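# Close look at the chain arrangement
Each chain, written out:
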Amino acid sequence: MKTIMAILLIFISGSSLLRSQDFIKLEQSIVSIDSGASRGVNWIDYDNDNDLDLFITNGRQGGEYNYLYRNDNGIFIKIENDPIVTNFLPYDGSSWADYDNDGNIDMCVVTWYNRVNQLYKNFGDGTFDLVMTGPITTLNTYSETCSWGDYDNDGFVDLFITNSAGSGHRNLLYKNNGGGNFIRIDTGVIFSQTAFSRGVNWIDINGDRLPDIFVCRENNQNEFLYRNHGNGYFTEITNSPLTTNGGESWSGSWGDYDNDGDLDVLVTNTGNQRNFLFRNDGDFNFTKILNDPLVDEPGYHSVGGWGDYDNDGDLDMFISQSYKGPSFTEKLVNKLYKNKLMETGSVSFEKINSGVLVSDSGYTFGFAWGDFDNDGDLDLAAANTFGENQKNALYRNELNNGNKWINIKCTGTNSNKSGIGAKVKIKATINGNPVYQMREVSGQEGYCSQNQILHFGLGNASVIDSLKVEWPSGADQHFTNIPVNQNITISENGTVISVNNIKTEVINNFKLFQNYPNPFNPDTRIRFQINKNSKVMLKIYDALGNEVTTLLNDTTPAGEYEFDFKGKGLSSGVYFYKLTADGISETKSMMLIK
């Protein structure tokens, strides 16, 4: 029996909740009670219950256990006595993806101090197994982090691991051949180069649906940028501003901060250096941005991360700080910058100087934005490490400014199951003007940072006018008139599914309810309940028995659920919806009238 410990988020006044203008620190959460030499933060839904769980790595030299917290309606439950949290090693970054496409998100976590990296398989029942065979888990390395990305678009995510020390200290690239089988790539430009590397990003820089590779390097070396030409062939780009401005670089954070449809990058630098901001001008051309508060101030920067924390329709930036030498005894504060694009019509950043996010002192290594309470605004978890034993921190966003939002999960079919590499582009009318935004699903948002859910702030938009998904497989999906303020899943070659787990108390039986409204035009809602963790399938059929769409095909915990079915583009008539779970099926009819 797995042991779990639950500590409620107790909302009381006084010192237990440090209030600020926009965020509160949840000091009574187990996340903020646990301490260590923490490194990486990953927001992931490992149990497929439609909320973000949390994984934090720890990296003390002699070894530490990692932390995994299951999210139960905003209350975090610490998982114990599972292999994923009982191996005692000096960990660094991690990356999550469904490497075997079985519907359960797996994880690679790397180690430093000449130890072996680890790969964990998710069984889908809340348990994990340490994979002991294969090339990923056989080398002793000084690895910094890792990231999944499908470089050959064969539907299986591949793995890149950075190294900063050791004999040769080459970075590592593993090709996924399917069935849980990997081979190490030991030819080509990536293998041939030695590097003091930190962060890595798979990112489609030029929009050709082939993920390129960007690697940040320490010791004032130039960054690596590898262009993906397809079929496993990469070339190094050396004549770009990205690769000619060497620094003490740790993290590359990619995001479309100017809403022009391509991904720009912020590079964080430590050693009392300034950060770098590069604007993507298309076709691998970049401009280095100068004279902005985001890049004017030197510091001991660790990880940067884009996120629209005020939901106004542009990307803001949070930057952590750590390890100010030579004594490493002076505490630092983190930095938050608000993007003024939506207010002024042009990009500039304003440094936020008040609030608990920028007044808590210590050392923050990795962090990640994530909407853990599903209320539509981005919260933040920080991996702290001052004195190699600092308490971590969970901050809840309390802005409540009325701005609209949408959270999107992408599930691949022909593309990899995790949807890594998929781009979502939306258009909405904000303040009377058309605003275009874009996000890309990634295995690593910055060094030691990941969130598998795409979040868009929408300002005062009343609806999303258009939404397009560009899948790595080459498929495109187009949707219009998407309601705001909801969590949705988009399945490749499927439809938009609005997912709401509306009941979590004990369910005693399997039941499929009548859709409502019925008859409907063009949308209706389908509700069901299951009494145990099950492989669940919910399909729509026309009157002739032809399958129209699959609303759900995944392992789902016990509970009551609602799914929105959108009938736009379908003809009037009778349709059937069929629910199957653990061999039990039930079918009901519904009427579309236009």
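The structure we're discussing is the one just above.
What comes next is a walk through the structure. Counting starts from 1 at the beginning of each chain's written sequence and moves along it residue by residue. Only residues with pLDDT of at least 70 get local features here, since the model is predicted, and only at 80 or more are side-chain atom pairs given and counted; chain-wide, interface and lining totals rely on the full set of residues. Remark: hydrogens and water are excluded; side-chain values derive from all non-hydrogen atoms of the structure.

Once that is clear, we can look at the side chain of D258. Looking at the element boundaries, D258 is found in the loop between β22 (249–255) and β23 (264–269). Whether a residue is buried, partly exposed or exposed follows from its accessible area with a 1.4 Å probe, protein chains only, as a fraction of its type maximum: under 20%, in between, or over 50%, in that order. For the charge count, each Lys or Arg is scored as positive and each Asp or Glu as negative, with His and the chain ends excluded. The salt bridge definition used is simple: a Lys or Arg side-chain nitrogen within 4 Å of an Asp or Glu carboxyl oxygen. The buried charged residue D258 lacks any salt bridge, with R279 as its nearest oppositely charged partner at 4.9 Å. Working rule for contacts: check all heavy atoms of both residues, and any pair within 4.5 Å makes them a contact. Setting aside residues no more than four positions away along its own chain, D258 makes contact with D264, R279, L341 and V347. By definition, any uninterrupted DSSP run of H or I lasting at least four residues is a helix, any uninterrupted run of E lasting at least two residues is a strand, and each is numbered from the N terminus.

On to the environment of S164, then. Within the fold, S164 resides in strand β15 (residues 158–165). Distance in space between the C-alpha atoms of S164 and K535 is 42 Å, their sequence separation being 371 residues. Contacts of S164, omitting those with residues within four sequence positions, involve W112, Y142, E144, H169, A195, F196, S197 and E218. Under this definition, polar contacts are N or O atom pairs within 3.5 Å; protein pairs additionally need one hydrogen-donor-capable and one acceptor-capable atom, and for neighbouring residues in sequence, both atoms have to be side-chain atoms. At 3.0 Å, the side chain of S164 forms a polar contact with the side chain of W112. Within polar-contact distance, the side chain of S164 engages the side chain of E144 at 2.5 Å.

Further remarks concern the sheet that holds strand β18 (residues 197–203). As a general point, the strands of a sheet are linked pairwise by backbone hydrogen bonds and lie either parallel or antiparallel. Spatial ordering of the open sheet is given by β18-β19-β20-β21, a layout of four strands whose pairing is antiparallel. With one partner strand each, in any of the chains shown, β18 and β21 (234–236) form the two edges of the open sheet. Strand-to-strand, the axes of this sheet are offset by a mean angle of 20 degrees, without reference to chain direction. Note: two strands are recorded as paired if DSSP finds a minimum of 2 bridges between them. Alignment of β18 against strand β19 (residues 212–217), held across five bridges, turns out to be antiparallel. Residue pairing in the sheet places I203 in a bridge with D212 of β19. Axis angles are defined between N-to-C directions and span 0 to 180 degrees, where every axis is a line fitted to C-alpha atoms and, for a helix, only to the segment in contact.

These figures come from the coordinates and say nothing about function on their own.
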